[in-house]
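Reading the structure
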There are 2 protein chains.
Amino acid sequence: MNVIAETIKKGRKFDQVIEGARAIFMRDGFEGANVDDIAKAAGVSKATLYSYFPDKRVLFAEVARQECERQSQSTISVVDTATDPREAISHIAWAMVEFVTSDFGINVFRICVAESARFPELGCQFYDSGPKLVRERVGEYLSCAVAQGHFEIDDVELAAEQLMELTKTYIFPRILCGIQLKFSMEEKKRIVDGAVDMFMARYAAKA
Amino acid sequence: MNVIAETIKKGRKFDQVIEGARAIFMRDGFEGANVDDIAKAAGVSKATLYSYFPDKRVLFAEVARQECERQSQSTISVVDTATDPREAISHIAWAMVEFVTSDFGINVFRICVAESARFPELGCQFYDSGPKLVRERVGEYLSCAVAQGHFEIDDVELAAEQLMELTKTYIFPRILCGIQLKFSMEEKKRIVDGAVDMFMARYAAKA
DNA sequence: CCGAAACTGAACTGCCCGGTTTATACTGGG
DNA sequence: CCCAGTATAAACCGGGCAGTTCAGTTTCGG
């Protein structure tokens, strides 16, 4: 048995607590979530839960932190500078759209927005490990591509941010308002192609 | 005295209640708002408040409805088809940016996002009287301008939605995460100009 | 100036929920 | 087999808050 990993954070049920908390927080948000429900979902007593975390906020912060970390690793896959620039932009756009429309993306974002007023550090944490990080990666790729003469871009940071924003077209407002949560392949393709066309029209090197 | 208008909704203090409710809901959100505070802010007793509205949710829905209605009128000013197309697009972009960065825009949006899970009809209401309406107006303008040969657009609806989304670049993620709530004129100009440049590069008639 | 309707304020009910306590039981190493 | 650390269930506390009630006051049309 993996004695080391299981025991460092003294207490066998630490992971269960996190797991249960994630499930309930994702479903109900911070205010909406009920500690009794979390304990039940985790298959753990409330007393045990409170032996690990001093209060609900800290528990939530820990769940959010873990989630953001996980996300930042999975979402930003490497963009190969060698490939066709249009191809590369399309690849980035697809990754963005898939993330934005994922259950996880929707929920984390909703919670961050809802709670950032009463919970400022959370918003920053999410921004840094989400949008900001992605923007930096995209910016890196664009800088390389510009150096290679594929694009003509004055303000790389702006261009990166525009590309990211374009991929939310149509989708984002609908998700945030709860109008539509699932999008078909055709819908996504329309948005991705639209974003790529627009980006290339603006920034592709003319030569 | 304006007997008609004041009396239809039997009760002298109806407007006061709405006014107080708006103030508190804007400040604290739905869950965060406290009915006692609303009554106090409205200068009205709780009993009076409850004589107008059966419960907190209905009160909130009414406030939100009024706000959206008001917004839709003020934000979408008429776009003169006669003006230079670039000028017109710039005008639309500015209106969007100003709305998105306004206290009111920020709050309404935050509340809608936060509450749309437990309050589905609110999200729809907001979407219909906000994003959807604006998109339709922008679409109308674009259709006219296309007919006049100013633009070349296949999918007008997509183009309208892209323009709206582009105006949120940089600003929106920061607001929603609570990183930054106020934006200088220079920052706004950068976004607006970036959006206009991009839109024109993609859709302006080549002739 | 009368009387009905509107309004008041303050106390009260009932519920929910975060967090604590307690008394008991399980588990695993020495 | 023992004991110390860990887990549990359930009762409990206290505060906050939506919504109600009621006895008394204000407002205003007729």
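Residues numbered from 1 in each chain as written. Chains lettered and ligands numbered in written order. Predicted model: local features only at pLDDT ≥ 70, side-chain atom pairs only at ≥ 80, totals over all residues. Heavy atoms only, no water.

Attention shifts here to the protein's contact with DNA strand C. Around DNA strand C, a shell composed of 17 residues is seen, among which Lys46 and Lys56 of chain A together with Arg12, Lys13 and Thr48 of chain B lie nearest. A breakdown of the atoms of DNA strand C within 4 Å of the protein gives sugar and phosphate a share of 68%. Within the backbone of Ala33 of chain A, one N or O atom sits 3.1 Å away from a phosphate oxygen of DNA strand C. Taking Asn34 of chain A, its side chain carries an N or O atom lying 3.2 Å from a phosphate oxygen of DNA strand C. (Near = heavy atom within 4 Å. Polar contact = N/O pair within 3.5 Å; in protein donor to acceptor, adjacent residues only side chain to side chain.)

Around DNA strand D sit 19 residues, and of these Thr48 and Tyr52 of chain A together with Val35, Lys46 and Lys56 of chain B come closest. By atom count, sugar and phosphate contribute 75% of the portion of DNA strand D lying within 4 Å of the protein. Lys13 of chain A is positioned such that a nitrogen or oxygen atom in its side chain is 2.9 Å from a phosphate oxygen of DNA strand D. Only helix 4 (46–52) of chain A together with helix 4 (46–52) of chain B provide two or more residues apiece to the surface near DNA strand D. Residue composition of the surface near DNA strand D, by class: seven nonpolar, five polar and seven charged. (Helix = DSSP H or I, 4+ residues; strand = E, 2+ residues; numbered from the N terminus. Nonpolar A, V, L, I, M, F, W, Y, C, P; charged D, E, K, R; others polar.)

Below, the discussion takes up the relation of the copies chain A and chain B. Turning one copy of the chain about an axis and sliding it along that axis gives the other copy, so a rotation and a shift relate them. With an RMSD of 0.4 Å, the fit of chain A onto chain B corresponds to turning through 179° and sliding 0.0 Å along the axis. What we have between these two chains is a two-fold relation. In terms of proximity to the rotation axis, the leading residue of chain A is Ala114 of chain A, whose C-alpha is 2.2 Å off the axis. Comparing contact sets, 100% of the residues at the interface of chain A also lie at the interface in chain B, consistent with an isologous, same-surface contact. (Least-squares fit on C-alpha atoms with pLDDT ≥ 70 in both. Contact = heavy atoms within 4.5 Å.)

Here the focus is the side chain of Asp28 of chain A. Relative to the helices and strands, Asp28 of chain A resides in helix 2 (residues 14–32). The buried category is assigned to Asp28 of chain A, whose relative accessible area is 16%. Side-chain polar atoms of Asp28 of chain A contact the side chain of Arg27 of chain A, separated by 3.1 Å. Discounting residues that sit within four places of it in the chain, Asp28 of chain A has contacts with Ala33 of chain A together with Arg118 of chain B. (Buried < 20%, exposed > 50% of the residue type's maximum accessible area, 1.4 Å probe, protein only.)

A word on the pattern of salt bridges. Following the criterion strictly, the structure yields 35 salt bridges over all chains and no others. Among the ionic pairs, Arg135 of chain A bridges to Glu157 of chain A, the shortest N-O distance being 3.8 Å. On the criterion of sequence distance, the pair formed by Arg135 of chain A in helix 8 (residues 120–147) and Glu157 of chain A in helix 9 (residues 156–166) is long-range, its members being 22 residues apart. Residue Glu157 of chain A is classed as partly exposed on the basis of its relative accessible area of 37%. A salt bridge links Asp197 of chain B to Arg202 of chain A, with the nearest nitrogen and oxygen atoms 3.8 Å apart. Separated into two different chains, Asp197 of chain B in helix 11 (residues 185–203) and Arg202 of chain A in helix 11 (residues 185–203) make up a pair that spans both. You can call Arg202 of chain A partly exposed: its relative accessible area is 28%. The structure contains a network of salt bridges with shared partners spanning Arg135, Asp155, Glu157 and Glu161 of chain A together with Arg190 of chain B. (Salt bridge = Lys/Arg side-chain N within 4 Å of Asp/Glu carboxyl O.)

A word on the interface of chain A and chain B. Of the residues lining the interface, 42 residues belong to chain A; the matching set on chain B comes to 42 residues. Together chain A and chain B conceal approximately 3700 Å² of surface at their shared face, both sides included; 66% is due to carbon and sulfur atoms. Taken as a group, Glu165, Cys177 and Met198 of chain A account for 17% of the area that chain A buries against chain B, more than any other trio of residues on that side. In this structure, Glu157 of chain A and Arg190 of chain B form a salt bridge, with 3.8 Å as the shortest nitrogen-oxygen distance. At the boundary of chain A with chain B, the tally comes to six residue pairs in polar contact (both at pLDDT 80 or more). At the level of secondary structure, the elements contributing two or more residues to the side of chain A that touches chain B comprise helix 2, helix 7 (103–115), helix 8, helix 9, helix 10 (171–176) and helix 11 of chain A. For the side of chain A that touches chain B, the element with the most residues is helix 11 of chain A, which contributes 10 residues. For the side of chain A that touches chain B, the residue count by class is 22 nonpolar, seven polar and 13 charged. (Buried area = accessible area lost by both parts, 1.4 Å probe.)

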